[in-house]
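Residue-level structure breakdown
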Amino acid sequence: MDNVIRRRTVGARLARAALYAVLLLAALFYLLPLAVMLITSLKPLAEITPGTLLSLPREPTLAPWAKAWGEACTGMRCEGVGVYFFNSIAIVVPAVLISTIIGALNGYALTKWRFKGSELVFALMLFGCFIPFQVVLLPMAQTLGWLGLSSSRAGLILVHVVFGIAFTTLFFRNFYVAVPTELVSAAKLDGAGFFRIFWRILLPVSAPIIVVSVIWQFTQIWNDFLFGVAFSAHDTQPVTVALNNLVNTSTGVREYNVDMAAAMIAALPTLIVYVLAGKYFVRGLTAGSVKG
Amino acid sequence: MSLSSYAAQPATGPGSRRSRSGPLQAWLPKLVLAPSVAISLCFVYGFMLWTFILSLTNSRMLPSYDFVGFAQYARLMANDRWWVASTNLVLFGGLFVAICLALGLLLAILLDQRIRQEGALRTLYLYPMALSFIVTGVVWKWLLNPGLGIQAMVRGWGFENFRFDWLVDPDMAVYTLVIAAVWQASGFVMALFLAGLRGVDDSILKAAQLDGASLPRIYWRVVIPCLRPVVFSAVMILSHIAIKSFDLVVALTGGGPGYASDLPATFMYAHAFTRAQIGLGSASAMLMLGGVLAILIPYLYSELRNRRHG
């Protein structure tokens, strides 16, 4: 928009300075927690209580990180959050891949092979984006028990796939609607089949939406706590649950530096994704959130 | 998007007749969709129904199927803790949505003034959205800890009487949830508004400027009204986040002090999973669903109407 104050009068300059001041103040508000988290995680415990939030570490140390990773006590056991970090990876990777593949095929079938009632099918599936998950927790717990998947990583993968499909289908469906149907019709005339058309025509143009879907699912599943805490046992906990247990352990001295290091460890994967692929992250956020 | 333009259906179109494995090809799309449809029917609709049925029983530690009608709902209505949780949700949700909207709109308008380093600022404002609510809760718990966090810092600057102990104050704990949640989600609202602002037609603005309208007036009278659909989407998303808020409460306040900062989501979890009150927990989950539907249905209705008109 072209409504900038142009004339360089004193008033305009002051207004401009105020504008930047407000924006920088806001930036500080958003940065403060990250800065505090990082600074605290690098301080030895002795510096924490006497110091203040923003005082830089006098003797910076990575010991809190090492302790958070390998020794800190989460609940009963003292093996750090590293184990749970890998649990999260073991859950996230298959769940993201499976839900994205299913979403892609669904979106393709719903847009390029429309049949009577396909809009209804889409609406039916879309509802899964909106429900508060509390409403499925108890039946899910029982079903996982019947399937012999209680407290297992496979069970958590299943849960994330089941409730992720609604989102991934939505992404791919909205993306494929814009892909010219003539291409598909022509291929059909040439006798190409369902999967061949998907493989040769749709998939090659899908890179942007695959990225959005993967980032969205990755962030959602990595950051999940509710399913993790409801459906995992000690061995299979994701890192968010372990972090919460670590911070809320009531035994011993509170080691805030270790807590903050663990929080950083739990936050890093999604932060890295955000920094590397922020554009797609925002796109996923808006696409996923505008509808759910 | 008109449905009729896609009316050529594979089963009757020329393509499928010529393809090699005729009937299978015609069924393939439905076969591919079938598992997802089955999953939705079972895991979403079936489970909702199941929870509803549980909410009509006297299930405690384990699900039982002795039906007691709406007794669990009556118990819920008589439960003090549920009322605290519901009131908190109204307070928390209302403030969270209102502040996010105001802050997001303000930042978007300010960022829209051809700011240097706009990209960097945008990135900074939005990054909290990438974090888990658990991380957010843990960090803010540390910042709001009266003995070590912001209160201690400000006192260290010489303001000995400064008090900011909301986290441990039963009357104020719910507002700490607002602070942390606003921190996390307002950047996202800013991004929505910024996209909306960039979509406002320049010619309308030029015309307003030629008429001699001042900048604030242009925003108030011309630009902000154009953003109504964005406001609508944002309200819908934010209230959805508010109703589902669980992790943040667990990590930041643990629902405490006592149950002063409980929300329905934590109430449900506590009763269904740790207090062996499955029936009561199910009833509270159904009421949460009702809350989501109350927001969702008007939203979908207007979306569909816009689509038909546009």
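Each value, and the rule that gives it
- Starting afresh in each chain, residues are numbered from 1 along the sequence in its written order.
- As a convention, the first chain written is A and the first ligand written is 1, with the rest following in written order.
- Only residues with pLDDT of at least 70 get local features here, since the model is predicted, and only at 80 or more are side-chain atom pairs given and counted; chain-wide, interface and lining totals rely on the full set of residues.
- Computation of side-chain values: all heavy atoms of the structure, hydrogens and water removed.
- UniProt positions are given in the numbering used here, feature names are shortened, and annotations may be inferred rather than shown by experiment.
- A run of DSSP states H or I qualifies as a helix once it reaches four residues; a run of E qualifies as a strand once it reaches two. Both are numbered from the N-terminal end.
- Any two residues whose heavy atoms approach within 4.5 Å are treated as being in contact.
- Two aromatic rings from Phe, Tyr or Trp, using only the six-membered ring of Trp, form a pair when their centres are within 6.5 Å; if the ring planes differ by under 30 degrees the pair is stacked, by over 60 it is edge-to-face, and anything between is tilted.
- For every residue, the accessible area obtained with a 1.4 Å probe (protein chains only) is divided by the maximum for its type, and the residue is called buried under 20%, exposed over 50%, and partly exposed between those limits.
- Helix axes are fitted to C-alpha atoms over the stretch in contact, other axes to C-alpha atoms as well, and angles between N-to-C directions run from 0 to 180 degrees.
- In these notes the angle categories are as follows: under 35 degrees is roughly parallel, over 145 is roughly antiparallel, 65 to 115 is roughly perpendicular, and the rest is oblique.
- By definition, turning the near helix anticlockwise from the far helix through less than a right angle yields a left-handed crossing, and turning it clockwise yields a right-handed one.
- Whenever a carboxyl oxygen of Asp or Glu lies within 4 Å of a side-chain nitrogen of Lys or Arg, that contact is scored as a salt bridge.
- By buried area we mean the combined loss of accessible area, with a 1.4 Å probe, across both parts when two parts are placed together.
- By the criterion applied in these results, polar contacts are pairs of N or O atoms within 3.5 Å in which, for protein atoms, one can donate a hydrogen and the other can accept it, and in which residues neighboring in sequence qualify only through two side-chain atoms.
- Residue classes follow a fixed rule: Ala, Val, Leu, Ile, Met, Phe, Trp, Tyr, Cys and Pro count as nonpolar, while Asp, Glu, Lys and Arg count as charged, and any other residue, Gly among them, counts as polar.

What follows is about the UniProt feature "transmembrane region" (unreviewed entry) in chain A. Residues and elements named next belong to chain A. When the UniProt feature table is mapped onto this chain, "transmembrane region" (unreviewed entry) is found at residues 17-39, 84-108, 120-142, 154-176, 197-218 and 260-282. Secondary structure content for residues 84-108 is 100% helix and 0% strand, while the C-alpha to C-alpha distance between its ends is 36 Å. With 96% helix and 0% strand, residues 260-282 has end C-alpha atoms that lie 26 Å from one another.

Listed under "domain: ABC transmembrane type-1" (unreviewed entry) in the UniProt record, and renumbered for this structure, are residues 86-301 of chain B. The annotated region residues 86-301 of chain B carries 74% helix and 0% strand content, and the separation between its end C-alpha atoms amounts to 26 Å.

We now examine the side chain of Thr-136 of chain B. Inspection of the secondary structure puts Thr-136 of chain B in helix H6 (residues 133-144). The contact partners of Thr-136 of chain B, leaving out residues within four places of it in the chain, are Leu-131, Ala-180, Trp-183, Gln-184 and Leu-248 of chain B.

Turning our eyes to something else, we now look at the packing of aromatic side chains. How two aromatic rings sit relative to each other is set out by the distance from centre to centre and by the angle between their planes. All names here are of chain A. All chains considered together, the criterion is met by 36 aromatic pairs over all chains. Aromatic pair Phe-85 and Trp-222: ring centres 5.2 Å apart, planes at 75°, arrangement edge-to-face. One end of the pair, Phe-85, is in helix H4 (residues 82-112); the other, Trp-222, is in helix H10 (residues 207-223), and 137 residues separate them in sequence. For Phe-85, a relative accessible area of 15% puts it in the buried group. A relative accessible area of 1% means that Trp-222 is categorised as buried.

This part takes up the packing of helix H6 (residues 134-146) of chain A against helix H13 (residues 264-274) of chain B. Put simply, H6 of chain A and H13 of chain B touch, their axes get as near as 10 Å, and they point 20° apart. Comparing their axes, H13 of chain B and H6 of chain A come out roughly parallel. In the crossing of H6 of chain A with H13 of chain B, the sense of the turn from one axis to the other is right-handed. The segment H6 of chain A lies against H13 of chain B, with Gln-134, Leu-137 and Leu-138 of chain A engaging Ala-265, Met-268, Tyr-269, Ala-272 and Phe-273 of chain B.

Further remarks concern the pattern of salt bridges. Residues and elements named next belong to chain B. In total, this model carries 9 salt bridges over all chains according to the counting rule given. Among the ionic pairs, Asp-112 bridges to Arg-198, the shortest N-O distance being 2.9 Å. Note that Asp-112 is positioned in the loop between helix H4 (80-111) and helix H5 (118-126) and Arg-198 in helix H8 (residues 173-198), a separation of 86 residues in sequence. Accessibility expressed as a relative area gives 41% for Arg-198, which makes it partly exposed. The closest approach of N and O atoms between Arg-122 and Glu-118, which form a salt bridge, is 2.9 Å. In this pair, Arg-122 and Glu-118 both sit in helix H5, 4 residues apart, roughly one turn of the helix. Among the residues examined, Glu-118 registers a relative accessible area of 14% and is labelled buried. Salt bridges sharing partners connect three or more residues here, namely Asp-112, Glu-118, Arg-122 and Arg-198.

With that settled, the discussion passes to the UniProt feature "transmembrane region" (unreviewed entry) in chain B. All names here are of chain B. Cross-referencing UniProt, the feature "transmembrane region" (unreviewed entry) maps to residues 27-53, 89-111, 123-143, 172-197, 218-243 and 278-301 in the present numbering. Taken end to end, residues 27-53 is 100% helix and 0% strand, and its first and last C-alpha atoms sit 36 Å apart. Regarding residues 89-111, the helix share stands at 100% and the strand share at 0%, and the terminal C-alpha atoms are separated by 31 Å.

Further remarks concern the interface of chain B and chain A. Reports of interface size often rely on the accessible area that becomes lost once the parts have come together. At the interface, 104 residues of chain B touch 98 residues of chain A. Carbon and sulfur atoms supply 74% of the area that chain B and chain A bury against each other, a total of about 9400 Å² over both sides. Seen at the junction of chain B and chain A, the total is 0 salt bridges. Our count for the chain B to chain A interface comes out at 21 residue pairs in polar contact (both at pLDDT 80 or more). Sort the elements by how many residues they give to the side of chain B that touches chain A and helix H2 (residues 22-55) of chain B lands first, with 19 residues. Residues of the side of chain B that touches chain A, tallied by class, amount to 72 nonpolar, 18 polar and 14 charged.

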